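For reference, the chains in residue letters:
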Amino acid sequence: MEYDFDAEVDRRDTDSLKWEFIQSEEDPLEWELTDRFFGEDRILPLWVADMDFPCPKPVVDALVARAQHGIYGYTMPTPAFYQAVVRWTQRRHGWEVAPEWICITPGVVPALNMLVRAFVPAGDRVLIQPPVYYPFYSAIENNGAELAFNPLIYEDGRYRMDLADLEAKCSDPKVKLAILCSPHNPVGRVWTEDELTHFGEICIDNDVLVVSDEIHSDLIFKGHAFTPFAKLSEAFAQNSITCTAPSKTFNLAGLQTSCIVIPNQELRSKFERVVQSNGLVTIGTFGAVALQAAYDHGEEWLGQLLEYLQGNLEYLEQYVAEHIPQLTVVRPEGTYLVWLDCRRLGLNKWELKQLMLEEARVYLDEGFVFGPEGEGFERMNIACPRALLAEALDRIRQAVGKLSGDIE
Ligand SMILES: Cc1ncc(COP(=O)(O)O)c(C=O)c1O
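Residues numbered from 1 in each chain as written. Predicted model: local features only at pLDDT ≥ 70, side-chain atom pairs only at ≥ 80, totals over all residues. Heavy atoms only, no water.

Notes on unusual backbone geometry
Generally, phi is negative for residues other than glycine and the peptide bonds are trans, each holding for most cases. In the segment running from Pro 130 into Pro 131, the intervening peptide bond is cis, with an omega of 0 degrees. For Asp 15, which is not a glycine, the phi torsion comes out positive at approximately 60 degrees. The exposure class of Asp 15 is exposed, given its relative accessible area of 68%. Although it is not a glycine, Gln 256 adopts a positive phi angle of roughly 50 degrees. (Buried < 20%, exposed > 50% of the residue type's maximum accessible area, 1.4 Å probe, protein only.)

This is the structure we're talking about:
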């Protein structure tokens, strides 16, 4: 069937984080209910990573059918559940996963917190590559570990890994684990086999376990190919833990079901003990239904979604080049998040936030929340109907124009 990604869906009264909550002014880790995203004078929310598109019809149908049953008792993953994950990973990424390698958690972020607890003794370190998805920081710090940084290098409009620095940082015996964000949020890189190989070899040489967060792996733009880290070699598979989920791919984040793939049996047992110590034995009824329907029947929708996102990206790149040349688009290779370099506006981080939120009236993720390397950048979520994206860009054009004195 043909899906209409141009249709605007009213998300009011759905308890949506993206549309009904805003970061508190006093405490950025607190969220406050707001009605600023609706009405005449509304602010446009293009922040947190969920999409303004309904998920595939087979998923909605499966959920409705399950909801109509009326009994929502404890739910366990069945062989059909695991097979859906196995077939998807095989079909989309050519990676053969055994069903017994899969541990289910209520989200990748909860899994990251538990992984730190399972594998990093208090006071030891976890390496990350900033600017990077900010819950990595809290997952490490809230679980007794310390941060180690291997910042990405930004050169000629593209990010790459600093492998010499990675080698130096991994040689610190306190560094026990490295979190790879693959594809990388927020800079949008889809790491090449070569980059992943270097990363993996440095980690093995220094006895550093790899956690590869591959939640965005199904969202790849034309001209790029995603490689699962663990597929590269048996040695990498044995020294890594891969986090996957249907949540970004099919817009199911609220159903809180993710798959943590651990080929190494010893590591898996250790992780499972921590999962169980949190009382996480059964899984969410609706998450289980949605995962199977999405992986088994969602591919047609995903194909159309990727085409639409490609169109949004091209629209944005052209618009910024023509109308807001003060900004630079760091072209994403994957994810639906666009990293905008706003440093030529010459604003400090608070002035930039003020410009976007109060002048342009668009709500984006501030670059600095991804680490100090992100200061002067904004992250824009382009998974919305094109008309909304166009309006947001037009508002930014006007705000930037006023700032530069081009518009009265
Ligand atoms: C890299 C990355 N990991 C994890 C998550 C969230 O995972 P979950 O909703 O399963 O906790 C996101 C959401 O944006 C993300 O970008």
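Following the structure, the description resumes.
Focus: the site of the ligand
Neighbouring residues of the ligand: Ala 49, Gly 107, Val 108, Val 109, Pro 110, Tyr 133, Cys 181, Asn 185, Asp 213, Ile 215, His 216 and Lys 248. One of the side-chain N or O atoms of His 216 is found 2.7 Å from an oxygen atom in the ligand. Within the complex, the protein chains bury 89% of what would otherwise be the 400 Å² of accessible surface of the ligand. The biggest single contributor to the shell around the ligand is helix H4 (residues 108–119), with 3 residues. Its residues assigned to classes, the shell around the ligand shows 7 nonpolar, 3 polar and 2 charged. (Near = heavy atom within 4 Å. Polar contact = N/O pair within 3.5 Å; in protein donor to acceptor, adjacent residues only side chain to side chain. Areas by Shrake-Rupley, 256 points an atom, 1.4 Å probe, with all protein chains shown as cover. Helix = DSSP H or I, 4+ residues; strand = E, 2+ residues; numbered from the N terminus. Nonpolar A, V, L, I, M, F, W, Y, C, P; charged D, E, K, R; others polar.)

What about the sheet that holds strand E12 (residues 258–261)?
Reading across the sheet, the 7 strands line up as E4-E12-E11-E10-E9-E5-E6 and stay open at both edges, with mixed pairing between neighbours. The sheet terminates laterally at strand E4 (102–105) and strand E6 (146–149), the two strands that pair on one side only. Here the average twist between neighbouring strands, direction ignored, is 25 degrees. In the packing of H4 onto the sheet, the strands contacted are E4, strand E9 (175–181), strand E10 (209–213), strand E11 (240–244) and E12, and the crossing angle to E11 comes to about 165 degrees. Sitting on the sheet, helix H7 (residues 193–205) touches E9 and E10, and the angle it makes with E9 is about 165 degrees. (Pairing = 2+ DSSP bridges. Axes fitted to C-alpha atoms, helices over the stretch in contact; angles between N-to-C directions. Contact = heavy atoms within 4.5 Å.)

Thoughts on the pairing of E10
The buried fraction of E10 amounts to 5 of the 5 residues, a majority that puts the element mostly inside the structure. Here E10 shows no split at all, with Leu 209, Val 211 and Asp 213 on one side and Val 210 and Ser 212 on the other all buried. Two elements, E9 and E10, share 5 bridges in a ladder whose sense is parallel. Residue pairing across strands places Cys 181 opposite Asp 213, the latter belonging to E10. Taken together, E9, H7 and E10 constitute a β-α-β crossover, and its handedness is right-handed. Strand direction decides the pairing type here: E10 and E11, joined by 4 bridges, are parallel. (Right-handed = clockwise from strand over helix to strand, strands pointing away.)

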